[in-house]
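Structure at a glance
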Amino acid sequence: MSRRVRVNPIACEAHGICAELLPERVTLDEWGYPIVDERTLHGEELEHARRAARACPTLALLLERERSRTAAS
Amino acid sequence: MSSSAPTAELHAAAPDDTVAGLPRLLAGVHGERALTLSEHVSVHGELPTVAGGGRSRSRARSRRLIEEVEASGLRGCGGGGFPAGTKLRSVAAARGRPVVVVNAVEAEPPSSKDRTLLELAPHLVLDGAVLAAEALGADEAVVAIGEHAGGSAASAYAAIEERSHGGEHGRVALTLASVAGGYVAGQESALISGLEGREALPTFTPPLPFERGLRRRPTLVNNAETLAHLALIARHGAGWFRRLGTEAHPGSTLLTLSGPVAYPGVYEIEAGASLTSLIDAAGGTTAGVRGVLTGGYAGSWAPAAAIDELMLSREQLAGAGASFGAGIVVLLSAETCPVAETSRLARWLAGESARQCGPCVHGLDAISGAVEAVAAGAREQPSAQRLRTLSSLAAGRGACAHPDGAVRVIASALRAFAPEFEDHSRGGPCERCRAASELPLPHRAGRRATGRP
């Protein structure tokens, strides 16, 4: 099953650990909040993403199953 | 047709006086008093039956109503413009007994159409809520109003009482609930938080309300005007609905018009009517016009030169780089400074962040600071590239669309008033910068000062 990372922006407190553990997918903006590449994770990226998600102090980095997002107003 | 009293908030005008079949939502409304239930029934006819008469028949009628709404092309009138039929179908397909929420919070300061509709034609909104509830098998509908509901609160309350005494709608329990909160309180997930007794702040999704909303039940959140249209579609059908409007934006629509016109207020027009016909219906302009804001504070600005070209439908405004939003048109007069207005609006929007998401808190604050520096002609000013960078850092990175809307409206102001921004950037404030704000930017008592780092 394909997975991707996503940030819960409400939970995120800009600790920045995700950018250290998953640099291939996460960079930090000028205030320290993650800018995440939400495309499908491949190979060892997936393992790095799992580790980053576990290490986030506020559990704001999510490993999501890909599904078509439903829009609603 | 329209009321002529200059103080009346409400005008149901067919813009060029040749459009047959208007008003629809405001039919029978005179003056500032709500239609009683019996007046409402004599204008619109009895509420059609959806539920009852055996399970299979009621299921077939529910299906037919949802199909009719889909065929009508009705979209949400609260700003999002999501197809109403699709939303109904999503809630119908979710697991559990659904609940209906009528969103009449109307947190956009320049909008008063939902309040006006609920105040003058409350039974049409309630009809829509009852019909949607029955189509979904819901036994409960909550009418959610905001802090500044004014006369619409009493009107909605009286209308609910009137129906329960008549015993007409024992089939769906109607309640009224007030939700306190700021600009983002009308956002769906925030509204549900507010109704559950928490602060009315947006939540992280999924789940969206249609899957798990009020008290964890599948929840249909529809704008008050959307449900009023639904009540008419249930009576007259999709074909009737499409007799007015454009292919992509069928029907009539409520608009709140403000600024230097003789009769600012709420108008029901045919979707796709020209902005000039609306201005004419409002008695024409009373001062020079510098620009026009469509769609509200998440919408977009256009310079005065564009006014003659704007047509008031979702797709026509979008095609012109403008937005329809919740049906808001604000004319900015030539008496005020558009740069100062934008600068104050940017600061207000930054202040209306729910302060939950870092990129929104920091991004909107930085953008506002940048606009202020340009407006003041400060020695150190942000480059255009810097403003673009800040915009891209704020937009799309919050739990709700507030930063996206704020970025859009500010960027559109920078484009629409480019010469004025250029002048301020070089020469500092102009003489009109000190004029009182024309844009309503309400100060909220008890605004939380705390926030994120």
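Residues numbered from 1 in each chain as written. Chains lettered and ligands numbered in written order. Predicted model: local features only at pLDDT ≥ 70, side-chain atom pairs only at ≥ 80, totals over all residues.

Description of the overall build of chain A
Put simply, the rule is: The way it works is that DSSP assigns letters per residue, a run of H or I at least four long becomes a helix, a run of E at least two long becomes a strand, and they are numbered from the N terminus. A radius of gyration in this sense is built from C-alpha atoms; the matching globule rule multiplies 2.2 Å by the number of residues raised to 0.38. Throughout, a residue-residue contact means that the two C-beta atoms, derived from backbone geometry, are no farther apart than 7 Å.
Of the regular secondary structure elements, chain A holds 2 helices and 4 strands. Along chain A, helices (α) and strands (β) appear in the sequence β-α-β-β-α-β when read from the amino end. What you see for chain A is a C-alpha radius of gyration of 12 Å, in line with the 11 Å of a compact globule of 73 residues. Taking the principal axes of the C-alpha coordinates as reference, chain A spans close to 35 × 30 × 20 Å. Pairs at least 24 residues apart make up 64% of the contacts formed inside chain A by residues separated by at least 6 positions.

Here's the deal with the overall build of chain B
Our working definition: Residue burial here comes from a neighbour count, namely the number of other C-beta atoms, placed from the backbone, that lie within 10 Å of the residue's own C-beta, with 20 or more meaning buried, 12 or fewer meaning exposed, and in between meaning partly exposed.
Along chain B, the regular secondary structure elements total 16 helices and 10 strands. For 453 residues, the compact-globule estimate of 2.2 N^0.38 gives 22 Å, and chain B sits close to it at 22 Å. Seen along its three principal axes, the alpha-carbon backbone of chain B occupies a region of about 75 × 50 × 35 Å. Each of the 453 residues in chain B was classed as buried or not, and the buried ones make up 57%.

Describing the sheet that holds strand S4 (residues 173-178) of chain B
Residue and element names in this part refer to chain B. What counts, and what does not: Pairing between strands is defined by DSSP: at least two bridges between them are needed. In this analysis, axes come from line fits to C-alpha atoms, helices being fitted only over the stretch in contact, and the angle between any two N-to-C directions falls in the range 0 to 180 degrees.
Strand order in this open sheet of 4 strands is S4-S3-S2-S5, and the pairing throughout is parallel. Of all the strands in the sheet, the pair left with one neighbour each is S4 and strand S5 (219-223). Across the sheet, the mean angle from the axis of one strand to that of its neighbour is 20°, orientation sign disregarded. Pairing between strand S3 (residues 140-145) and S4: 6 bridges, direction parallel. Looking at S4, one finds that Ala 141 is bridged to Leu 174. In the packing of helix H8 (residues 224-236) onto the sheet, the strands contacted are strand S2 (99-104) and S5, and the crossing angle to S5 comes to about 95°.

Here's the deal with the confidence of the model for chain B
All names here are of chain B. Here is the rule we go by: The quantity called pLDDT is the predictor's confidence in a given residue, expressed from 0 to 100.
In the predicted model, chain B carries a mean pLDDT of 92, and the fraction of residues at 70 or more is 92%. The low-confidence segment residues 1-8, where pLDDT is below 50, has 12 contacts with residues more than four positions distant or belonging to other chains. Segment residues 449-453 is flagged for pLDDT under 50; beyond a separation of four residues in sequence, or across chains, it makes 5 contacts in the model. Taken over the whole predicted complex, pTM reads 0.92, whereas the ipTM for its chain interfaces reads 0.91.

Topic: the interface of chain A and chain B
As a measure of interface size, the accessible area lost when the parts come together is often cited. Condition: Asp, Glu, Lys and Arg are counted as charged, while Ala, Val, Leu, Ile, Met, Phe, Trp, Tyr, Cys and Pro are counted as nonpolar; the rest, among them Gly, fall into the polar class.
The partner chain B presents 21 residues to the 12 residues of chain A that form the contact. When its residues are assigned to classes, the side of chain A that touches chain B shows 8 nonpolar, 3 polar and 1 charged.

Comments concerning the environment of Gly245(B)
Residues and elements named next belong to chain B. The topology assignment puts Gly 245 in the loop between helix H9 (238-241) and strand S6 (252-258). We classify Gly 245 as buried; it has 20 C-beta atoms within 10 Å. Each C-alpha atom of the pair Gly 245 and Ala 273 lies 8.0 Å from the other, and the pair is 28 residues apart in sequence. Once residues within four sequence positions are removed from consideration, Gly 245 is found in contact with Pro 250, Gly 251, Ser 252, Glu 270, Ala 271, Gly 272 and Ser 313.

Notes on the environment of His424(B)
Residue and element names in this part refer to chain B. Position of His 424 among the secondary structure elements: in helix H16 (residues 418-427). Accessibility expressed as a C-beta count within 10 Å gives 26 for His 424, which makes it buried. Along the primary structure His 424 and Pro 98 are separated by 326 residues, whereas in three dimensions their C-alpha atoms are 54 Å apart. Apart from the residues lying within four places of it in its own chain, the contact partners of His 424 are Val 339, Val 374, Ala 375, Gly 377, Pro 429 and Cys 430.

Focus on helix H7 (residues 188-195) of chain B
Every α-helix carries 3.6 residues per turn, so stepping three or four residues along brings you back to the same face. Residues and elements named next belong to chain B. Burial analysis of H7 places 8 of its 8 residues in the buried class, the great majority of the element. For H7, the set of buried residues is Glu 188, Ser 189, Ala 190, Leu 191, Ile 192, Ser 193, Gly 194 and Leu 195. Lining the buried residues of H7 we find S2, S3, S4 and S5.

Quick look at the packing of helix H13 (residues 358-376) of chain B against helix H15 (residues 402-416) of chain B
Residues and elements named next belong to chain B. How we decide: Between 65 and 115 degrees an angle is taken as roughly perpendicular, under 35 as roughly parallel, over 145 as roughly antiparallel, and anywhere else as oblique. Helix crossings fall into two classes, left-handed where the near helix is turned counterclockwise from the far one by less than a right angle and right-handed where it is turned clockwise.
Between H13 and H15, whose axes approach to 10 Å, the crossing angle comes to 15°. Between H13 and H15, the angle is such that the two are roughly parallel. The way H13 lies across H15 gives a crossing that is left-handed. On H15, the residues touching Pro 359, Cys 360, Gly 363, Leu 364, Ile 367 and Val 371 of H13 are His 402, Pro 403, Ala 406 and Ile 410. For the contact of H13 with H15, the residue count by class is 8 nonpolar, 2 polar and no charged.

Quick notes on the packing of helix H2 (residues 55-72) of chain B against helix H3 (residues 84-93) of chain B
The relative placement of two packed helices comes down to the angle between their axes together with the axis-to-axis distance. All names here are of chain B. Direction vectors running N to C along H2 and H3 enclose 150°, while the axes themselves pass 7 Å from each other. Viewed along their axes, H2 and H3 adopt a mutual orientation that is roughly antiparallel. Between H2 and H3, the contacting residues are Ile 66, Val 69 and Glu 70 on the first element and Ala 84, Gly 85, Leu 88, Arg 89 and Ala 92 on the second. When its residues are assigned to classes, the contact of H2 with H3 shows 5 nonpolar, 1 polar and 2 charged.

Let's talk about the nonpolar core
Just so we agree on the cut-off: Think of a nonpolar core as buried Ala, Val, Leu, Ile, Met, Phe, Trp, Tyr and Cys residues chained together by C-beta atoms that fall within 7 Å.
Formed by 142 residues in total, the largest nonpolar core has its most connected members in Val102(B), Ala129(B) and Leu278(B). With 10 residues, the single largest contributor to this core is helix H5 (residues 122-136) of chain B. Setting aside its immediate chain neighbours within four residues, Val102(B) contacts Val125(B), Ala129(B), Ala141(B), Val142(B), Val143(B), Ala144(B), Asn222(B), Ala224(B) and Leu227(B). In this structure, Cys18(A), Val26(A), Val36(A) and Leu61(A) belong to the second largest nonpolar core, which totals 14 residues.

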